[in-house]
Amino acid sequence: MSDSEEQPGADVVLEVRGLTKRFGPVVADSEVTLQLRRGEVLALLGENGAGKSTLVKMLVGLLRPDAGEIRIGGDVVRLRSPRDAIGRGIAVVHQHFQLVPVMTVAENVVLGAEPTRRGLFDHRKAAAEVRALSQRFGLAVEPDAVVQDLPIGMQQRVEIIKALYRGAEILILDEPTAVLTPVETDELLRIVAELAERGVGIIFITHKLREVMNGTDRVVVLRDGRVVGDVATADTDEAGLAALMVGRPVVLHVDKEPATPGATVLEIRGLEVDDDRGRLAVRGLDLDVRAGEILGIAGVQDNGQRELVEAICAMRPRRAGTVVLAGREVEGLDVRALHDLGVAHIPEDRDKHGLVGGYFVAENLVLNRFDQAPFSRWGRRDFAAIQRWARQLIADFDVRTPSVYARTDALSGGNKQKVVVARELSRESVLLVAAQPTRGVDVGSIEFIHQQLVAARDRGVAVLLVSAELEELFALSDRIAVIREGRVAAVLDAKSATRETVGLIMAGAAGH
Amino acid sequence: MRPAWVRRRPPPALGVAAALLVAAFLAYAIWGFRAAAVAGFAVRSCTPLALAAMCGILCERTGVINIGIEGQMLLGAFAGFFGAAAFGVVFGVLAAAIIGALGGAFLAVCAVSWRVDQIIAGAVINIVAMGFTTFFYRPGFVIGSLPTWQIPLLADLPLLGPIFFRAQPLAFLTFAVVIGLQVTLFRTTWGLRTTAVGEHPGAADTVGVNVARYRYGNVMLGGALAGLAGAMLSVEITGSFDRAMTAGRGFLALAIVIMGRWRPMLAWTAALLFGLLSGLVNQLNFDQVIDVPPQFVAMVPYGTTIVVLAVFSTRVRPPAAAGRPYP
Amino acid sequence: MNLDRLRPAILPVAAVVVALTIGAVIVAVDGSSPLGAATAIWVAAFSGPDAIGATLEKATPLVFAGLAVIVGVKAGLFNIGAQGQLLVGAITSAYAGYRFAGLSPLVHLPLCLLIGVVFGALPAWLAGVLRAKRGVHEVIVTIMLNTIIFNLTDWLAGGPWMEPGQVISRTPPIVGSARMGRVAGLPTGFVLAMLVTVAVWFMLEHTTFGFRLATVGANRHAAHYAGISVGAVTVAAMTLSGALAGLGGAVESLGVVGRFEPGFNAGLGFDGITIALLARVSPRAVVPAALFIGALRASSSELQAGAHVAPAIVDVVLGVALLLVAAPLLLRWLLRMPPSLSTAEVQFTRGWGS
């Protein structure tokens, strides 16, 4: 580890040759070839569905390749399980952390390779080892803290220590910055550099170009399961990478006329809402959304966005504050009453809240209107009317489904999202609450959904857009409200605001 | 420093047990043999429950809900009795453990390998066990009895001696299992991994803990304990077998698991409280202080369970992955 | 003509055939004649109008029990307490049947049925409320209630409601105005069971209430999002489930037993679980499944007397069938059937949490 004098990139620690994986007729990865050198930070760049996750699963033994080989330190290896992979020095930090919430940092780190003393688990030694690793790599993790009490950024470091404890020489970080604040992201990039300095080879998976440019040595670009580029980071730029990644020049620019905002539709004052664990997540939030504008909510994940959205839509009780919709306090109204007042809601998690996976597409298209005419009369459902309506929406919103009687969970992510969007935008509404409307959706569907949101705005709907993607917020919003620790820290005009300003306010750095 | 998953689960069983002990001695000082009778009844009646509850703890901590404990106990009682009738009591007890473990294996196959709904799989065990033990039951067998052991000196302690230190083998086994599980769950690598498998199987899997193996192992071990709990009823306590003789104890054990917050000592304490309550009602009835029909006496633990769960259920947190197939 | 409609039946029918075969092997190993057992079942269950009537009578409460379990499962609830709710329905309707003598049959019989329905619904309602408001798992509560109810009815039938001057614990006979006879040779109770089956099917498949129920069962979060009150549906589904079980108990008392006698209704609730699974949680298949089990149950004395086979063989056969339906992979492997994705397996456990 100490011979960092050596030229980085001299020896290859991991080599993948012609790796292919099919799922039925779908080819997830096709002939993927790449090399990772000792002490190198390699960016693996690609869109959702480009084959990054499948590749990672093969590298850690969760999936078996159909063809091709993986070489570690020159030897061809067959990885049958994560245990095999760890044995070979490959560790991965998943997007969803693989940590047991009720156990301590030290317990999580040593799990599966625990120190023992006289047959019993040696907690003291575990804590000491974690502390030592934490100090060596500057991670500042407290071994006796319980994981569920730690912030996300800290939990991620626990995952990194877990990998280091197991002697990982190849560390795969799967979309590590998706859940981090800009400040935490910078910190992570520093840690990654530190690890590389000490000889760890790192595969950094992302679809954010900025991070690739700032923190990696080399980039491999995947598109539709194939490697379409393998270049030194210094020899490329963001535009070039973007074109490679998408296969055509990206238009994140949405054509829209200037907004013509009308009266205030949604007026929130002093809102306080608890999260699932009963802690205050929204803490005295004020917000106005006007008819005919898109108000974007920017913020680091878990700063009260979810609770705000659910409280507006009456899915979550509020503790204090007022919510006035079109001049009327909506206290005490339930989800359905708000729906009838014209609140449309594209929920953040379509599979959890937005759809019933086992239902036909047609049933999901009337999920929150099933008991209204013409879909039912006198409590009896009218399947003919439902079917007619479903056919109409499928055509209007370009939902690619074999039939209105296809099971919804058989559709792709983009088409599932279109089902939700179609349902919510196909009726008269005054307020549209759209949470992460394009998460996990293909590029074509993103453009379509963006157009629909702008069209809703132009019809005079007040749109509240919550998104984790700054690109999306800047492309769509007329005003951007930055949320931090459950309060609106600033409201900016989208045309004049810069990404840097928003990022700083999100992180709490600026004097807002 | 105690591990987190111990530290974060109040209240300590030790405190409750100490309070019980003080109360018991006070009662003993005041009412003498009556208090001793109640305490003796309590421990005897709660011991099979406690052992069955250990089955529930093992299964659920590893992520498998076992509502087939009742059936596994019944199979154990059946195999224990007829095994004892054919080849002697030692064989009977072994047979009970084995058939219980087989019931556990069935549940594990369903829950782990076939991803069958765990509650349905458990219900199947109960129904099948009832059918088999009734069909193959033959009257007219007698068996030898298990010896009563006593631990020298300790058995002579007032009140506690006859209750905890003069008992039959399976009762002693139960005491050992409860204490042993308490130690192993919270102090060993196996316990740490079991907790991880029941809370977040994905986390355990990615660090190389074999989730399926842990689930199979623990559910089968639990099944063996349930089988032994059944044998305790037929071979050790009554020396006979009756159709449906477990009489819902397996279900009661499930409730005890919840009240004991998935911790062995606390579950034992909960079982003991049940026993005390029943024993008290029995004794008061016997002394003609109160006049309650026997059916109402029989209802006491079940009614208590509902009330206790209704009051406390929002405050307990089951293992996060219990009932969910993995992967 | 449309064979596809019968596809879902393949698995349960195969399970039953395999289970009957295993039952025959067990009978043979036990030293009796499988053929004799089969003959006994035929004679007792199908050989003439009386036998068929007996089968229908046995099947009647099973239809209700099966429907009760199905209504729960549709809403994601496992009502393992149909047994207890059935007992409550049986004893309360029997009480009303002997106590309120002198009423016109037009009033008395519906009143007795209604009492069975209401009191059967009561414990299930309690379980539903505890589930919705306190997050207590309905399986635990209904199991506890089963034992409590068993003891309660035992006490009532041997105490306050016991037939005077008798040694057996049972209520006095139900008077004629509350008895359910036969219509054109068909037991009235069975006719009622068929009507209720159609009603439950219609409710589940064609009404908005059925859609609410199914949505809560399929995805509680989406139901919440869609403005369906998960708590209210939980309570309603449990209550309805209990009402159906209670009605089954009432029909059993008023139509078959003629009074309440402890032990007469043992195991009906658990047969309800078997039926629900054999029927693959579809009300349309409940009647055939109940008839099958009813036929086996109707033949128990003939099995004992005619073929010298312990009637518990029926439980063994049902247990095996249930096992095969619950673990379809096992059956597919046994029968070398190809795995299928279209026939979704029953799965509704969400763990202990709410």
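Further remarks concern the interface of chain C and chain B. Chain C puts 46 residues into the contact, and the matching count from chain B is 47 residues. When chain C packs against chain B, the two sides together hide about 4100 Å² of surface, and 79% of this comes from carbon and sulfur. Between chain C and chain B we count one salt bridge in total. For Asp30(C), the salt bridge identified is with Arg138(B), shortest N-O distance 3.0 Å. Our enumeration of links across chain C and chain B arrives at four residue pairs in polar contact (both at pLDDT 80 or more). Those elements that provide at least two residues to the side of chain C that touches chain B are α5 (105–134), α6 (138–158), α11 (268–278), α14 (313–326) and α15 (328–335) of chain C. The dominant element in the side of chain C that touches chain B, judged by the number of residues it contributes, is α6(C), at twelve residues. For the side of chain C that touches chain B, the class distribution of residues is 31 nonpolar, ten polar and five charged.

A word on the interface of chain A and chain C. Tallying the contact residues gives 24 residues for chain A and 18 residues for chain C. Summed over both sides, the interface between chain A and chain C buries roughly 1900 Å², with carbon and sulfur atoms accounting for 63% of that surface. Looking only at chain A, the three residues that lose the most surface to chain C are Tyr359(A), Phe370(A) and Arg381(A), adding up to 27% of its buried area. Remark: the boundary between chain A and chain C carries one salt bridge. Where Asp371(A) meets Arg212(C), a salt bridge forms, and the shortest distance between an N and an O atom there is 3.0 Å. At the boundary of chain A and chain C, one finds 14 residue pairs in polar contact (both at pLDDT 80 or more). Elements that contribute at least two residues to the side of chain A that touches chain C include exactly α10 (335–340), α11 (350–354), β20 (380–381) and α14 (413–425) of chain A. Among the elements that line the side of chain A that touches chain C, the one with the most residues is α11(A), at four residues. Taken together, the residues that form the side of chain A that touches chain C break down as nine nonpolar, six polar and nine charged.

Ranked by internal contacts, the top residues of the largest apolar core, which has 265 residues, are Val502(A), Leu254(C) and Ile313(C). In this structure, Leu254(C) is in contact with Ser93(C), Leu109(C), Cys112(C), Leu113(C), Ile174(C), Ala178(C), Arg179(C) and Met180(C), ignoring residues within four places of it in sequence. In this structure, Val41(A), Phe97(A), Ala126(A) and Ala168(A) belong to the second largest nonpolar core, which totals 53 residues.

All names here are of chain A. Spatial ordering of the open sheet is given by β18-β21-β22-β15-β23-β24, a layout of six strands whose pairing is mixed. The open sheet has two edge strands with one neighbour each: β18 (343–346) and β24 (487–493). Taken over all neighbouring pairs, the strand axes of this sheet differ in orientation by 20° on average, direction set aside. Bridge count for strand β15 (residues 294–298) against strand β22 (residues 462–466) is four bridges, and the pairing is parallel. Bridge assignment links Leu295 to a residue of β22, and that residue is Leu464. Each of β15, β23 (479–484) and β24 is contacted by helix α17 (residues 499–507), which is oriented at about 25° to β23, the strand it contacts most.

Here is the idea: a disulfide is a covalent bond, and it sits between the sulfur atoms of two cysteines. Residues and elements named next belong to chain B. For the coordinates displayed, the defined rule picks out zero disulfides over all chains. You can see Cys55 has no disulfide; the closest cysteine sulfur is in Cys59, sitting 4.1 Å from it. Its relative accessible area of 0% is what places Cys55 among the buried residues.

The next point concerns the packing of aromatic side chains. Scanning the model with the defined rule gives 23 aromatic pairs over all chains in all. Ring centres 4.0 Å apart and planes at 20° place the aromatic pair Tyr95(C) and Trp161(C) in the stacked group. With Tyr95(C) in helix α4 (residues 82–99) and Trp161(C) in the loop between α6 and β1 (182–183), this pair connects stretches of sequence that are 66 residues apart. Residue class for Trp161(C) comes out buried when judged on its relative accessible area of 18%. Put simply, the rings of Phe78(B), Phe81(B), Phe82(B), Tyr137(B), Phe141(B) and Phe241(B) touch in pairs and so form one group of aromatic residues. The positively charged end of Arg198(A) is found above the aromatic ring belonging to Phe137(A), 5.5 Å away from the centroid.

Residue and element names in this part refer to chain A. Inspection of the sheet shows strand β13 (residues 264–274) paired to strand β14 (residues 280–290) by eight bridges, in the antiparallel sense. For Glu267, the partnering residue across the bridge sits in β14 and is Asp288. Hairpin connection between β13 and β14: a loop of five residues separates the two successive antiparallel strands, and Gly278 in this loop has a positive phi of roughly 80°. Bridge count between β13 and strand β16 (residues 318–325): six bridges; the pairing is antiparallel. Note on β16: the bridge partner recorded for Arg269 is Thr322.

Residues and elements named next belong to chain A. Where strand β1 (residues 12–23) and strand β2 (residues 26–37) come together, eight bridges link them in antiparallel fashion. Looking at the pairing, Glu15 lines up with Gln35 of β2. Hairpin connection, β1 to β2: the antiparallel pair is bridged by two residues, and Gly24 has positive phi, about 60°.

Moving on to the sheet that holds strand β9 (residues 170–174) of chain A. All names here are of chain A. A sheet is described by the order of its strands in space; here six strands give the open sequence β6-β9-β10-β3-β11-β12, paired in mixed fashion. The open sheet has two edge strands with one neighbour each: β6 (90–93) and β12 (226–232). Here the strands of the sheet are splayed against their neighbours by 20° on average, with no regard to which way each runs. The pairing of strand β3 (residues 41–45) with strand β10 (residues 201–206) spans five bridges and is parallel. Bridge pairing links Leu42 to Ile203 in β10. Lying on the sheet, helix α1 (residues 52–59) is in contact with β3, β6, β9, β10 and β11 (218–223); it crosses β10 at an angle near 150°. Sheet strands in contact with helix α5 (residues 152–165) are β6 and β9, and its direction is about 175° off that of β6.

Scanning the model with the defined rule gives 45 salt bridges over all chains in all. One salt bridge connects Arg381(A) with Glu363(A), and the closest N-O pair in it is separated by 3.4 Å. Residue Arg381(A) is found in strand β20, and its partner Glu363(A) is found in helix α12 (residues 361–365); the two are separated by 18 residues along the sequence. Between Arg170(C) and Glu261(C) there is a salt bridge whose closest N-O contact spans 3.7 Å. With Arg170(C) in the loop between α6 and β1 and Glu261(C) in the loop between α10 (230–257) and α11, this pair connects stretches of sequence that are 91 residues apart. Just as Arg170(C) is buried, Glu261(C) falls in that class too. Linked through salt bridges whose partners overlap, the residues forming this network are Glu15(A), Arg17(A), Glu69(A) and Arg71(A).

A cluster of nonpolar side chains, contributed by Leu114(C), Val118(C), Phe119(C), Leu122(C), Trp125(C) and Leu126(C), occupies part of the molecular surface with about 540 Å² of accessible area. Residue position: Val118(C) is located in helix α5.

Residue and element names in this part refer to chain C. Across chain C, the average pLDDT comes to 87, with 92% of residues at 70 or higher. Note on residues 339–350: pLDDT is under 50 here. Beyond four places in sequence and across chains, it has 34 contacts. Prediction confidence for the complex, expressed as pTM and ipTM, is 0.85 and 0.84 respectively.

Cut-offs used in this document
Residues numbered from 1 in each chain as written. Chains lettered and ligands numbered in written order. Predicted model: local features only at pLDDT ≥ 70, side-chain atom pairs only at ≥ 80, totals over all residues. Heavy atoms only, no water. Contact = heavy atoms within 4.5 Å. Buried area = accessible area lost by both parts, 1.4 Å probe. Salt bridge = Lys/Arg side-chain N within 4 Å of Asp/Glu carboxyl O. Polar contact = N/O pair within 3.5 Å; in protein donor to acceptor, adjacent residues only side chain to side chain. Helix = DSSP H or I, 4+ residues; strand = E, 2+ residues; numbered from the N terminus. Nonpolar A, V, L, I, M, F, W, Y, C, P; charged D, E, K, R; others polar. Core = buried A, V, L, I, M, F, W, Y, C linked by side-chain atoms within 4.5 Å. Buried < 20%, exposed > 50% of the residue type's maximum accessible area, 1.4 Å probe, protein only. Pairing = 2+ DSSP bridges. Axes fitted to C-alpha atoms, helices over the stretch in contact; angles between N-to-C directions. Disulfide = S-S within 2.5 Å. Phe/Tyr/Trp six-rings, centres within 6.5 Å; stacked < 30°, edge-to-face > 60°. Lys NZ or Arg CZ within 6 Å of the ring centre and 35° of its normal. Patch = residues over 30% accessible without salt bridge, like charges linked within 9 Å, V, L, I, M, F, W, Y side chains within 5 Å. Areas by Shrake-Rupley, 256 points an atom, 1.4 Å probe, with all protein chains shown as cover. pLDDT = per-residue confidence, 0-100.

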